[in-house]
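Okay, here's what each chain looks like letter by letter:
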Amino acid sequence: MSADALLFVNAAQIVTCAGPARARRGSEMSDAVIQTGVAVLVEGDTIKEIGPEDALRRSAAGVTEINCNGGVITPGFADSHTHAIFGRARYEEQELRATGVPYMEIARRGGGIHASVRDLRTRSEDDLFSLAQPRLRALASSGVTTVEVKSGYGLSLDDEIKTLRVIKRLADALPMRIVPTWLGAHEIPLDYRERTDGRREYLDLLVNDMLPVVAREQLAQFADVFCEPGVFTVDESREILTAARSAGLGIKMHADELSSGGAAELAGELRATSADHLAAVSDAGISALAAAGTVATLLPGTMLFLGKTSQAPARRLIEAGVPVALATDFNPGTSPTTNFPLILTLGVSQLRLSVAEVLIAGTVNGAAALGIADRVGQLAPGFSADLVLWDVSDVRELPYWYGAGRCHASWARGKPCHVHDLALAFRS
Ligand SMILES: [Zn+2]
């Protein structure tokens, strides 16, 4: 047994989410596999064995034990949709929305996404790194061990590349696994919007200038497009994403967030890895996602924060056989939260999912939305040692104590990722 092996003992429950190493659909989402009386043996960055505690203690004698003190172990969460690289917060817009000021008026006053673009362009890589690092640590402190981070507030060659380089530096500096996504097609920049052929010029910039640099420098694993009436059309999105695929990137989409415009249908046509938001997805869109096996990443925190009464049709998606994931959509405009368990709460109370379904949605299917469900998202031999110890005695308490911070400690690839109380976590 190697010196860096760890044996997790004395947990009230070990929730493994064990099963097929791919996105789960339909009734596959209904069992998170709760085990009692078992221990988890980690060797290096990998789960070595899960089995009866007494037997493992004997066979792994001498290994460092982590006493879970009656807490609950789950796989680390995979937050597959965030916009964590931004400058200043946009808290002033929340009150404006509450008093009925429409988004277009907020944008006219200099707010909205263009405010984040103006701000990010003035900042250095070091500045953006310093701002983003504590945000990602906050996500880690809520049980996230894998996080997808998008660019998309640069919207110029230099500022998008700058953002992606910040993400790369964060990936090197933090213990959590960070998956970078290029979202140059987040919005058409204002100066391009004002020009006659500006839309075409910006598409050319994306496909002919930005994409080759992103691909050559291997700065992103996925390309994403905001496909929505008023932003990028279905045809424009197809052009960008087809080029991105040819350049070797995976495909994700912001799809049908506010209105049903054929975005989910395009995600199915392109066999995108994930289609995200989907609050306004059509029946045809649901069928297309099911046929393609595309993961539907739902972001209930965004709808809550915007004060919307509607949510994505999670139950219809699951019944149609679409694998459903949950994510924070952490961003300064529409979802400024780093609290992953709160998203599980919303999954149960707003999307009407079961506890098992939200757990699978936050682990295995979150990993599938990043194309890594073959090694991330479940506690099973051979999988990445990404696990969280919770200060609860029953996993149903995770969505129950809503808004609470019950993450005691977490490990990513076998290394401490977040530790609330080091002494307790390592007492053996
Ligand atoms: Zn987003």
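It is worth spelling out the confidence of the model for the protein at this point. Predicted confidence across the protein gives a mean pLDDT of 95, with 98% of residues reaching 70 or more. Predicted confidence for residues 424-428 stays below pLDDT 50, and this span has 18 contacts to residues more than four positions away or in other chains.

With that settled, the discussion passes to helix H8 (residues 198-216). Over its 19 residues, H8 runs 26 Å from end to end, which matches the ideal 27 Å to within 8%, given 1.5 Å per residue. Every buried residue of H8 is accounted for by Gly198, Tyr202, Leu203, Leu205, Leu206, Val207, Met210, Leu211, Val213 and Val214. At its buried positions, H8 is contacted by helix H6 (157-173), strand S10 (177-185), helix H7 (190-193) and helix H9 (234-246). One or two steps after H8, the chain reaches Gln218, where phi turns positive at roughly 50°.

Let us look at H9. With 13 residues, H9 should reach 18 Å at 1.5 Å per residue; the first-to-last C-alpha distance of 18 Å fits that figure. Inspection of H9 places Glu236, Ser237, Ile240, Leu241, Ala243 and Ala244 among the buried residues, and these make up the whole buried set. Taken down its axis, H9 places every buried residue within 155° of arc, on the same side. Seen from the buried face of H9, the exposed residues on the opposite side, beyond 90 degrees, are Asp235 and Ser246. Packing partners of the buried residues in H9 comprise S10, H8, strand S11 (222-227), strand S12 (250-255) and helix H10 (263-269). In the stretch just after H9, Gly248 is the one whose phi turns positive, near 100°.

For the zinc ion, the protein coordination sphere consists of His81 (NE2), His83 (NE2) and His254 (NE2), at 2.0 to 2.1 Å. In primary-sequence terms, the residues that donate to the zinc ion follow H-x1-H-x170-H. With His83 in the loop between strand S8 (77-79) and helix H2 (92-98) and His254 in strand S12, the pair connects residues that are 171 residues apart, well separated along the chain. On the basis of relative accessible area, His83 is assigned to the buried category, the value being 3%.

Right, let's talk about the sheet that holds strand S6 (residues 64-67) for a bit. Judged by pairing direction, the sheet is mixed, and its four strands sit side by side in the order S5-S4-S1-S6 without closing on themselves. Only two strands of the sheet have a single neighbouring strand rather than two, namely strand S5 (46-52) and S6. Neighbour-to-neighbour, the strand axes of this sheet turn through a mean angle of 25°, independent of strand direction. Inspection of the sheet shows strand S1 (residues 6-9) paired to S6 by four bridges, in the parallel sense. Considered in S6, the bridge of Leu6 is made with Thr64.

By the definition in use, this model includes 28 salt bridges. In this structure, the salt-bridge partner of Asp159 is Lys162, at a minimum N-O distance of 3.1 Å. Of this pair, Asp159 and Lys162 both sit in helix H6, three residues apart, which is roughly one turn of that helix. Three or more residues are tied together by salt bridges with common partners; here these are Glu53, Arg57 and Glu65.

Time to look at the side chain of Gln378. Here Gln378 shows up in the loop between helix H16 (364-368) and strand S16 (387-390). Looking at Gln378, its side chain comes within polar contact range of the main-chain nitrogen of Gly19, at 2.8 Å. A polar side-chain atom of Gln378 sits 3.4 Å from the main-chain carbonyl oxygen of Pro20. Every residue in contact with Gln378, bar those within four places of it in the chain, is listed here: Thr16, Cys17, Ala18, Gly19, Pro20, Ala21, Arg24, Pro75, Val364, Ala373 and Phe383.

Further remarks concern the sheet that holds S11. The eight strands lie next to each other as S8-S9-S10-S11-S12-S13-S14-S15, forming an open sheet whose pairing is parallel. Across the chains shown, the open sheet's two edge strands, defined by having one partner strand only, are S8 and strand S15 (324-326). Ignoring which end each strand starts from, the neighbouring axes of this sheet average 25° apart. Two elements, S12 and strand S13 (residues 274-277), share four bridges in a ladder whose sense is parallel. Looking at the pairing, Ala255 lines up with His277 of S13. Together, S10, S11 and S12 form the strand contacts of H9, whose direction differs from that of S11 by roughly 180°.

The rules behind these values
Within every chain, residues take consecutive numbers counted from 1 along the sequence as written. Note on the predicted model: pLDDT of at least 70 is required for a residue's local features to be given, and 80 or more for side-chain atom pairs to be given and counted; whole-chain, interface and lining totals, by contrast, use all residues. Side-chain figures throughout are based on the complete set of non-hydrogen atoms in the structure, without hydrogens or water. pLDDT expresses how confident the predictor is about each individual residue, on a scale running from 0 to 100. Contacts are assigned to residue pairs that have any heavy atoms within 4.5 Å of one another. A helix here means a DSSP run of H or I that spans at least four residues, while a strand means a run of E at least two residues long, and both kinds are numbered starting from the N terminus. Helix span is expected to be 1.5 Å times the residue number reduced by one. Here's how the labels work: a residue is buried when its accessible area is under 20% of the maximum for its type, exposed when over 50%, partly exposed in between, all with a 1.4 Å probe on protein chains only. To be clear, the arc concerns the directions from the helix axis to the C-beta atoms. Nitrogen, oxygen and sulfur within 2.8 Å of a metal are treated as its donors, or within 3.2 Å for sodium, potassium and calcium (Na, K, Ca); water is not counted, so a site can appear incomplete. For two strands to be treated as a pair, DSSP must find no fewer than two bridges joining them. Note on geometry: axes are lines fitted to C-alpha atoms, helical ones only across the stretch in contact, with angles between N-to-C directions running from 0 to 180 degrees. Salt bridge, as used here, is a side-chain nitrogen of Lys or Arg placed within 4 Å of a carboxyl oxygen of Asp or Glu. Contacts described as polar in this section are N or O atom pairs within 3.5 Å, which, within protein, must combine one atom able to donate a hydrogen with one able to accept it, while residues neighboring in sequence count only if both atoms come from side chains.

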